[in-house]
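Descriptive structure summary
Residues per chain, in single letters:
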Amino acid sequence: MSEPGAAVDDVPRFALSELLRPELSELRPYAPAQGDFAVRLDANEAPPLLSVEARERLAAAAAATAWERYPDATAHRLREAIARRAGVEPDRVLVGTGSDEVICTLLTALARPRGRHGSAAVVTTTPTFVMYRASARARGLRVVEVPLDAAWHPSLPALERAIELAAPNLVFLASPNNPTGTVASRETLAALAELARGALLVVDEAYVDYASGDARDLLESHENVALLRTLSKVGFAALRVGWLLGRPELVHELDKVRPPYDLPTVSQELARVALDELSGEISRVVAHVVEERARLERALAALPGVVVTPSHANFVWLRTERPASELYAALAARGVLVRSFHARGGRLAHQLRVTVGTRDEDDAFLSAFSELLR
Ligand SMILES: *Cc1c(COP(=O)(O)O)cnc(C)c1O
């Protein structure tokens with residue numbers, strides 16, 4: 001028998017903080033810099049170099065959309081286009097709304113608590129792409145970040161210790177790495193796949209088009225390796241299309257976690273057009289960026305107190321004598337937005353990441369930057 005008056009006290013009152021994962025208190029929403037900047041070199045987007053013909057082809061493809069229908073839940077035409085380009089079977093391709101979503105899918109699916117810790121763990125490097133940590137913490141996974149060495153390369157002995165201690169389910173390694181632009185050698189990746197053999201090694205190749213090699217052959221030689229790729233850094237960030245290449249068993253399990261209609265029809269179809277018909281356009285953008293990157297690196301290396309890390313991506317990573325916070329703010333005041341990680345302190349307090357843009361954008365950055373250093 002319940003007494004109406006007494007029972008009320010037993011019902012917990014609503015308190016959001018009692019319902020949220022405790023890890024959310026350490027996270028902040030992802031917030032790119034706001035405001036109007038004449039030159040935005042902060043997000044590693046490709047410069048706007050698509051031809052008029054390409055834009056018209058994309059518009060025509062968008063115009064054919066069946067607006068009243070849900071998208072193809074299996075994204076089969078897009079997956080076939082990706083598979084053709086990668087030289088694999090479509091059952092090795094998982095698509096997502098950007099590789100961001102694929103990262104979340106991995107972290108949701110491969111999260112079985114193991115060992116004495118009671119939660120699954122992720123091992124990655126630092127500095128690296130921030131979403132490995134943020135998305136892992138948002139799901140309650142432990143994260144162990146292993147500092148890159150003085151040349152911004154992964155340290156195998158340090159990674160080995162971290163893998164031994166943390167017993168991770170997942171190891172994330174971006175190569176080329178963001179924000180450092182450095183690549184891990186084929187030997188390093190193979191050695192890491194061995195060290196991490198109880199885990200899935202995810203090699204994030206978001207910038208692979210700007211590098212000279214890729215890790216495709218590791219997919220064949222190591223069952224615990226998967227690759228991430230995206231259209232975002234080669235001129236199609238607006239579509240939000242990324243994908244994983246991996247073993248069919250892995251793709252099959254991840255597909256249970258993926259929301260069925262995550263990729264809009266327009267994104268699927270325009271991404272397919274980009275891959276099947278506009279590869280020449282993509283190559284042209286990549287060639288431009290690679291040439292501009294070399295020009296930027298030469299010009300920056302000639303400036304006093306600037307050290308440039310050779311880049312294999314579409315941005316440059318540079319050390320400055322003056323604090324990055326000051327240079328970042330002074331550039332922004334001149335209408336040039338770059339990326340600084342000074343809030344994270346330590347050796348990042350003297351580093352800037354600058355996306356390679358159009359010739360004019362790069363000149364605007366160079367002239368503002370050299371003026372500041374003079
Ligand atoms: C930009 C970036 C991504 C995100 O790619 P999307 O496909 O746009 O989600 C993934 N990994 C790295 C290393 C990146 O720099």
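No experiment lies behind these values; they were computed from the predicted model shown.

The subject of this paragraph is the packing of helix α4 (residues 76-86) against helix α11 (residues 265-277). Between α4 and α11, whose axes approach to 9 Å, the crossing angle comes to 25°. As the angle between them shows, α4 and α11 are arranged roughly parallel. Like other packed secondary-structure pairs, α4 and α11 cross with a definite hand, here left-handed. Two secondary-structure elements touch here, α4 through R77, L78, A81, I82, R84 and R85 and α11 through Q268, E269, A271, R272, L275 and D276. Across the contact of α4 with α11, the residue classes break down as 5 nonpolar, 1 polar and 6 charged.

We now examine the pairing of strand β8 (residues 241-245). Taking burial as the measure, the 5 residues of β8 include 5 buried ones, the bulk of the element. Because side chains alternate across β8, one face comprises the buried residues V241, W243 and L245, and the other comprises G242 and L244, equally buried. Where strand β2 (residues 93-97) lies against β8, 5 bridges are found, and the strand directions are antiparallel. Residue pairing across strands places T97 opposite V241, the latter belonging to β8. By the bridge criterion, 4 bridges tie strand β7 (residues 225-230) to β8 in an arrangement that is antiparallel. Counted as the bridge partner of L228 is L244 from β8.

This part takes up the pattern of salt bridges. The final tally for this structure, using the stated rule, is 25 salt bridges. K256 is the salt-bridge partner of E253, the closest N and O atoms lying 2.8 Å from each other. Look at K256 and you get exposed, because its relative accessible area is 57%.

Within the secondary structure, R84 is located in helix α4. With 19 residues separating them in the primary sequence, R84 and T65 have C-alpha atoms 23 Å apart.

Moving on to a negative patch on the surface. A cluster of acidic residues, E89, D91, E223 and E249, forms a negative patch on the protein surface. One can find E89 in the loop between α4 and β2.

If you check the shell around the ligand, you find 14 residues, and the closest are D204, T230, S232, K233 and R240. Within the backbone of D100, one N or O atom sits 2.9 Å away from an oxygen atom of the ligand. At 2.6 Å, a side-chain N or O of Y207 approaches an oxygen atom of the ligand. Protein burial of the ligand: of its 390 Å² of free accessible surface, 94% is covered by the chains. The element best represented in the shell around the ligand is helix α5 (residues 98-109), accounting for 3 residues. Classifying every residue of the shell around the ligand by side-chain character gives 5 nonpolar, 5 polar and 4 charged.

Below, the discussion takes up the sheet that holds strand β13 (residues 351-355). One open sheet holds the 4 strands; their spatial order is β9-β10-β13-β12, and the pairing between them is antiparallel. Since the sheet does not close on itself, it has two edges, and those belong to β9 (307-309) and β12 (339-340), each with one partner. Sheet topology places β9 next to strand β10 (residues 315-319); 3 bridges connect them, and they run antiparallel. Paired with V307 across the strands is R319, a residue of β10. Across the sheet, helix α13 (residues 324-333) touches β12 and β13, and the angle it forms with β13 is around 35°.

The subject of this paragraph is the packing of aromatic side chains. Counted according to the given criterion, the structure contains 7 aromatic pairs. Ring centres 5.4 Å apart and planes at 80° place the aromatic pair W152 and W317 in the edge-to-face group. Here W152 is found in the loop between β4 (142-147) and α7 (156-166), whereas its partner W317 is found in strand β10, with 165 residues between them in sequence. Each member of the pair, W152 together with W317, is buried. Considering the side-chain rings of W317 and F341, the 5.9 Å spacing of their centres and the 65° angle between planes classify their relative orientation as edge-to-face. In this pair, W317 is assigned in strand β10 and F341 in the loop between β12 and β13, connecting sequence segments 24 residues apart.

Moving on: the sheet that holds β2. Taking strand neighbours across the sheet as the criterion, the 7 strands line up as β2-β8-β7-β6-β5-β3-β4 in an open arrangement whose pairing is mixed. On the outer flanks of this sheet lie β2 and β4, each paired with one strand and no other. Across the sheet, the mean angle separating the axes of adjacent strands is 25° when strand polarity is ignored. Sitting on the sheet, helix α8 (residues 186-195) is in contact with β5 (170-174), β6 (200-204) and β7, with an inclination near 155° to β6.

Here the focus is the packing of helix α3 (residues 52-63) against α11. One way to put it is that α3 packs onto α11 with a least axis distance of 9 Å and a crossing angle of 145°. Relative to α11, the crossing made by α3 is right-handed. In contact with R57, L58, A61 and A62 of α3, α11 contributes V266, E269, L270, R272, V273 and E277. Considering only residue class, the contact of α3 with α11 consists of 6 nonpolar, no polar and 4 charged.

Definitions and cut-offs
- Residues numbered from 1 in each chain as written.
- Predicted model: local features only at pLDDT ≥ 70, side-chain atom pairs only at ≥ 80, totals over all residues.
- Heavy atoms only, no water.
- Axes fitted to C-alpha atoms, helices over the stretch in contact; angles between N-to-C directions.
- Helix = DSSP H or I, 4+ residues; strand = E, 2+ residues; numbered from the N terminus.
- Parallel < 35°, antiparallel > 145°, perpendicular 65-115°, else oblique.
- Left-handed = near helix turned anticlockwise from the far one by under 90°.
- Contact = heavy atoms within 4.5 Å.
- Nonpolar A, V, L, I, M, F, W, Y, C, P; charged D, E, K, R; others polar.
- Buried < 20%, exposed > 50% of the residue type's maximum accessible area, 1.4 Å probe, protein only.
- Pairing = 2+ DSSP bridges.
- Salt bridge = Lys/Arg side-chain N within 4 Å of Asp/Glu carboxyl O.
- Patch = residues over 30% accessible without salt bridge, like charges linked within 9 Å, V, L, I, M, F, W, Y side chains within 5 Å.
- Areas by Shrake-Rupley, 256 points an atom, 1.4 Å probe, with all protein chains shown as cover.
- Lys, Arg positive; Asp, Glu negative; His and termini not counted.
- Charge placed at Lys NZ, Arg CZ, Asp CG, Glu CD.
- Near = heavy atom within 4 Å.
- Polar contact = N/O pair within 3.5 Å; in protein donor to acceptor, adjacent residues only side chain to side chain.
- Phe/Tyr/Trp six-rings, centres within 6.5 Å; stacked < 30°, edge-to-face > 60°.

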